[in-house]
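Chain by chain, the residues:
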Amino acid sequence: MLYDIRLHLHYDYAAAAGGGRHQIRVLPSTISGVQRVIAASLSFAPAPNERSDFSDFFGNNVTSIAFRDAHDALDIRMSARVSVSRPEPGLDVSPDIGRLRQELAAVRSLAPDTPHHFLTGSTHAGLDDVITLYAHDSVGGSAADTALDLCNRIHRDFTYDGEATTVRTRASDAFKLRRGVCQDFSHIMIAGLRGLGIPAGYVSGFLRTIPPKGKPRLEGADAMHAWVKVWCGRDAGWQEFDPTNGMRASNDHITVGHGRDYSDVAPIVGVLKTTGGQVGEQAVDVIPVVLEKA
């Protein structure tokens, strides 16, 4: 699938900010065998006094910006053309959890994609006995089977509610509520799998949404999305699951970045010199591109 993606983040400040420094993670990455970024751009209004672009430890695209002049609003615009071609799931060669632990013990690398980075508790996805007990009911067969079953159970047992949680909500709190958004469901799945000894990480990106039959696609109505990557053993490698929709990640999932949880890939983090609060808005368009044949 080929997509044109547009993202607009807008922030209004109650009082003019005399300065600010932010890190932005919204640019998609090229991932071998999964997706290719054909073109991408990121712009800001007002223009920052400083800007640098780099990759973080996990290989995510990061743009660091700084302002010295007063400003009462900030606009961030990203546009990209991305080709996504995820391989179809083949024969399940992932081991059961017992053998998975043996394969984990044989991993000696500390590279960014090593499963050991995704095995212990993190800020938003801490190990929790109650979540581990819930996840244990999914154990059976291979590690991939366990992950898919837990993915489907979260989709079935939890209610999507955009008002129930915030970006600061932790997995244990969302689990008690039995409701939340994609970020919360992903953190719950991550915490549950880690409690079982299965490495799991957080994926941030975009999801193409299809309007109801007979309804037009609403401009700006798509959104950033989150799902889960799971290490399913030496031969099966990393596989991705979407507990919000009860499915494996498909060609409609466009990856921006990944980390241990939301805190590693938040779209924007930083500090401001200001008083009062701020109001933010987000608009996303994920538009399939159909190329005309010559």
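Every chain's residues receive numbers from 1 upward, in the order its sequence appears when written. Note on the predicted model: pLDDT of at least 70 is required for a residue's local features to be given, and 80 or more for side-chain atom pairs to be given and counted; whole-chain, interface and lining totals, by contrast, use all residues. For the side-chain quantities, the full set of heavy atoms in the structure was used; hydrogens and water were omitted.

(A) Broad picture of the packing of aromatic side chains. By convention, a stacked pair of Phe, Tyr or Trp rings (six-membered ring in the case of Trp) has centres within 6.5 Å and planes under 30 degrees apart, an edge-to-face pair has planes over 60 apart, and any other such pair is tilted. Overall, the coordinates contain nine aromatic pairs when judged by the stated rule. Ring centres of Phe 57 and Phe 58 lie 5.1 Å apart, and the angle between their planes is 75°; this geometry places the pair in the edge-to-face category. Geometrically, the ring pair formed by Tyr 160 and Phe 185 is edge-to-face, given 6.3 Å between the ring centres and 65° between the ring planes. Here Tyr 160, found in strand β7 (residues 159-160), pairs with Phe 185, found in helix α5 (residues 182-196); they are 25 residues apart in sequence, far enough to count as distant. Here the term buried applies to any residue with accessible area under 20% of the maximum for its type, exposed to any over 50%, and partly exposed to those in between, with areas from a 1.4 Å probe on protein chains only. The exposure class of Tyr 160 is exposed, given its relative accessible area of 52%. Taken together through their ring pairs, the aromatic side chains of Tyr 134, Phe 158, Tyr 160, Phe 175 and Phe 185 make up a single cluster. Comment: the charge-over-ring label is applied if NZ (Lys) or CZ (Arg) is within 6 Å of the ring centre and within 35 degrees of the ring normal. The ring of Tyr 134 is capped by Arg 153, whose NZ or CZ atom sits 3.9 Å from the centre of that ring. Secondary structure elements follow DSSP: runs of H or I of four or more residues count as helices, runs of E of two or more count as strands, with numbering from the N terminus.

(B) Main features of the sheet that holds strand β4 (residues 50-55). Strand pairing is assigned whenever DSSP detects at least two bridges linking the two strands. Across the sheet, four strands lie side by side as β4-β5-β2-β14; this open sheet has antiparallel pairing. Of all strands in the sheet, those with a lone pairing partner are β4 and β14 (268-272), marking the two edges. On average, adjacent strands in this sheet sit at an angle of 10° to one another, irrespective of strand direction. Looking at chain direction, β4 and strand β5 (residues 61-67) are connected through six bridges and run antiparallel. Within β5, the position partnered with Arg 51 by the bridge is Ile 65. Fitted lines through C-alpha atoms serve as axes, helices being fitted only where they are in contact, and the angles separating the N-to-C directions of these axes extend from 0 to 180 degrees.

(C) Quick look at unusual backbone geometry. The omega torsion of the bond from Ala 45 to Pro 46 falls at 0°, within 30 degrees of zero and hence cis. By the element assignment, Pro 46 lies in the loop between β3 (35-45) and β4. Phi is positive for Arg 178, which is not a glycine, with a value near 60°. With respect to the secondary-structure elements, Arg 178 resides in the loop between α4 (171-177) and β8 (179-180).

(D) View of a negative patch on the surface. Where like charges cluster on the molecular surface, the negative patch consists of Asp 92, Asp 137, Asp 145 and Asp 149. Inspection of the secondary structure assignment puts Asp 137 in the loop between α2 (129-136) and α3 (143-157). On the accessibility criterion, Asp 137 (60% relative accessible area) is exposed. Nonpolar side chains (Val, Leu, Ile, Met, Phe, Trp, Tyr) within 5 Å and like charges within 9 Å form the patches, drawn only from residues with over 30% relative accessible area and no salt bridge. Reported accessibility uses the Shrake-Rupley method at a 1.4 Å probe radius. Residues are deemed covered only where the shown protein chains occlude them. For this analysis, a salt bridge means a side-chain nitrogen from Lys or Arg found within 4 Å of a carboxyl oxygen belonging to Asp or Glu. Positive residues here are Lys and Arg, negative ones are Asp and Glu, while His and the chain termini are left out of the count. Charge coordinates come from a single atom per side chain, which is NZ of Lys, CZ of Arg, CG of Asp or CD of Glu.

(E) Representation of the sheet that holds strand β13 (residues 253-259) within the structure. Read from one edge of the open sheet, five strands run β12-β11-β10-β9-β13, paired in antiparallel fashion. Each edge of the open sheet is held by one strand with a lone partner, namely β12 (247-248) and β13. The pairing of strand β10 (residues 223-231) with strand β11 (residues 238-242) spans four bridges and is antiparallel. Bridged to Val 230 within β11 is Gln 239.

(F) The arrangement of the pairing of strand β9 (residues 200-207) in detail. With eight of its eight residues buried, β9 lies for the most part within the structure. Note that β9 and β10 share eight bridges and pair antiparallel. Its bridge partner lying in β10, Phe 206 is registered against Met 224. Sheet topology note: the β9/β13 ladder contains six bridges and is antiparallel. Across the sheet, the residue bridging to Ser 204 is Gly 257, located in β13.

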